[in-house]
Amino acid sequence: MEAGKFCFAIDRGGTFTDVYAKCPNGKVRVMKLLSEDPQHYSDAPREAIRRILQEETDKTLDSKLPLDTELIEWIRMGTTVATNALLERKGERIALVITRGFKDLLFIGNQSRPHIFDLKVKCPDVLYEDVVEVEERVVLAHEQCQIRKECQRVVGTTGETVEVWQPVNVVKLQNDLKRLLDKGIKSVAVVLMHSYTFSDHEVLVGIVAKELGFSHVSLSSEVMPMVKMVPRGFTATADAYLTPHVRRYVSGFASGFKNDLQNKNVLFMQSDGGLTPMARFNGSRAVLSGPAGGVVGYAMTTNKTFPGKPVIGFDMGGTSTDVSRYDGSYEHVFESTTAGITIQAPQLDVNTVAAGGGSVLFFRSGLFVVGPESAGAHPGPACYRKGGPLTVTDANLCLGRLLPEYFPKIFGNTQDQPLDCEKSLAQFKDLTAVINDFVCGQDGGKRPAMSVEEVAMGFLRVANEAMCRPIRALTQGRGHDTSRHVLTCFGDRKSVV
């Protein structure tokens, strides 16, 4: 650590942002802020850095002016921005650009049925809104093939010989892409046959798209040059869907510093547990950025405290809950499904469910439903004094599991008020009345009415069941005895697990 400089490690979650700062004199500062609070600041990590620098240097730093970076040695950040965008489907509007004849390839997918005995099979959602079919065709050369064509033969990057049966029809491609621009779509995923070994056609499509004005183009041959077209296509569409969203956040964060943090050591956590420079941080590698930091953290702490015992990491945040396992080495996967989207990229083996402290509570057709919608940080749960909906946090507050006096007082217009218990109780009473009206109408009114506490506990049981499933999948589902593990809880809502 350089003399006179600060180091910042940041976890930017969907609801809260936690900052660990190491000061030049060896002092350690920790700060927690709401990730979104537009009335008081535009970016939580930057605001936390500003407040810590201001308090430690006794210099007034105007929040409206770019921060001077002379006192900053490095910044390292893990963020759930991409994770939450995928869970809540709040990414960029995108289109799929694919070889002609394969328009429905990703919609069909691999035809897997996770619940084989389910009588009602729901086809997985796709991330793209529209499809453009490119008139081009590349095939692998086989000596046994009886189809002989006079065409260009090229040796691909993998050493395989390919035949270019049809070059890209650029004129038609331009017309089709202009149609997408007219619809307001400015991000595309390009997935062409055999581009893992022969990428020239994808590169040409990317050049044409950028010349027409598309803000982002994800080429499957660059994102993940793997042999299978379906997972390669899924990964490229996820990258096109998430990267603009991630880049907007990174740009917004950097814009609050002088020179946009150029020539500064700023690293972001990737899904595989490694760090990458800010400019190379992209969507397909950022899905588990926040959870990956938690895995690396507890692997270096809990595992040393309980040597020889496997550890289950339970990271309960405001928007999602992430479960992982560590037994002396990091467990990586190279293809995973998050929020129904399959991504082929190196990732730590983390199971994510859309259930967290900010998950919204609903009563639908006689059922208690938790999430996947999240109140986030703005407006946040009802108790955050911003007019938000009832969430898991409010349920814990009503049952006395969450004590306001031990929770950061960062709410209200003055940012110094505690959680609003009365607001949570008032909304729960209204919801309980609706539930009792429904219950009393069943079985001729023989069912007893439910109390506010019973309703709150009912929602928590639903949320707990959703969060227990990934623990079973990582332990019992793989032949491990859950009782022999150490459970380490962290995240925004660890105190109420």
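In the block above lies the structure referred to throughout.
Description of the structure in this document. Note that the structure is predicted; figures quoted are calculated from it, not measured.

About the thresholds
Residues numbered from 1 in each chain as written. Predicted model: local features only at pLDDT ≥ 70, side-chain atom pairs only at ≥ 80, totals over all residues. Heavy atoms only, no water. Helix = DSSP H or I, 4+ residues; strand = E, 2+ residues; numbered from the N terminus. Buried < 20%, exposed > 50% of the residue type's maximum accessible area, 1.4 Å probe, protein only. Core = buried A, V, L, I, M, F, W, Y, C linked by side-chain atoms within 4.5 Å. Contact = heavy atoms within 4.5 Å. Axes fitted to C-alpha atoms, helices over the stretch in contact; angles between N-to-C directions. Parallel < 35°, antiparallel > 145°, perpendicular 65-115°, else oblique. Left-handed = near helix turned anticlockwise from the far one by under 90°. Nonpolar A, V, L, I, M, F, W, Y, C, P; charged D, E, K, R; others polar. Expected span 1.5 Å × (residues − 1). Arc of directions from axis to C-beta. 1 Å grid on protein atoms, 1.4 Å probe; cavity = no way out; pocket = protein on both sides within 12 Å on 5 of 7 lines; lining within 4 Å. Points joined across faces, edges and corners; volume = space filled by probe spheres on them.

1. Regarding the side chain of Thr-475
Consideration 1: Mapped onto the secondary structure, Thr-475 falls in the loop between helix H11 (452-474) and strand S23 (486-490).
Consideration 2: For Thr-475, a relative accessible area of 1% gives the class buried.

2. Thoughts on the nonpolar core
Consideration 1: Formed by 82 residues in total, the largest nonpolar core has its most connected members in Phe-8, Ile-49 and Ile-75.
Consideration 2: A per-element tally of this core places helix H7 (residues 229-254) first, with 13 residues.
Consideration 3: Among residues more than four places away in sequence, those in contact with Phe-8 are Val-19, Tyr-20, Ala-21, Ile-49, Ile-52, Leu-53, Ile-72, Trp-74, Ile-75 and Arg-76.
Consideration 4: One finds Ala-395, Cys-398, Val-439 and Met-467 within the second-largest nonpolar core, a separate group that totals 29 residues.

3. What to know about the packing of helix H4 (residues 170-182) against helix H5 (residues 200-212)
Each pair of packed helices can be described by the angle between their axes along with the distance between the axes.
Consideration 1: Look at H4 against H5: their axes get within 10 Å of each other, and the N-to-C directions meet at 45 degrees. Judged by the angle between their axes, H4 and H5 are oblique. Classified by chirality, the crossing of H5 by H4 is right-handed. Where H4 approaches H5, its residues Val-170, Leu-173, Gln-174, Leu-177, Lys-178 and Leu-181 are matched on the opposing element by Leu-204, Val-205, Val-208, Ala-209 and Leu-212.
Consideration 2: Of the residues assigned to the contact of H4 with H5, the class counts are 9 nonpolar, 1 polar and 1 charged.

4. Some details on unusual backbone geometry
Consideration 1: If you check the backbone angles, His-194 has positive phi at about 60 degrees while not being a glycine.
Consideration 2: As for its placement among the helices and strands, His-194 is situated in the loop between strand S10 (187-191) and H5.
Consideration 3: Even without being glycine, Arg-385 reaches a positive phi, approximately 65 degrees.
Consideration 4: Residue placement: Arg-385 occurs in the loop between strand S22 (367-374) and helix H9 (392-398).

5. Quick notes on H5
Consideration 1: Look at H5: 19 Å from first C-alpha to last across 13 residues, which is about the 18 Å you get at 1.5 Å a residue.
Consideration 2: Along H5, the residues that are buried comprise His-201, Glu-202, Val-205, Gly-206, Val-208 and Ala-209. Buried residues of H5, viewed axially, fall in a sector of 165 degrees; they line one side. Within H5, the exposed residues directed more than 90 degrees away from the buried face are Lys-210 and Glu-211.
Consideration 3: Phi turns positive, to about 115 degrees, at Gly-213, one or two residues after H5.

6. Focus: empty space enclosed by the protein
Consideration 1: Applying the stated criterion across every chain yields a total of 1 cavity of 30 Å³ or more.
Consideration 2: Space inside the largest cavity adds up to approximately 40 Å³.
Consideration 3: Contributing to the lining of the largest cavity are Val-295, Ser-324, Arg-325, Tyr-326, Ser-329, Tyr-330, Glu-331, Leu-348 and Asp-349.
Consideration 4: The element contributing the most residues to the lining of the largest cavity is strand S15 (residues 321-326), with 3 residues.

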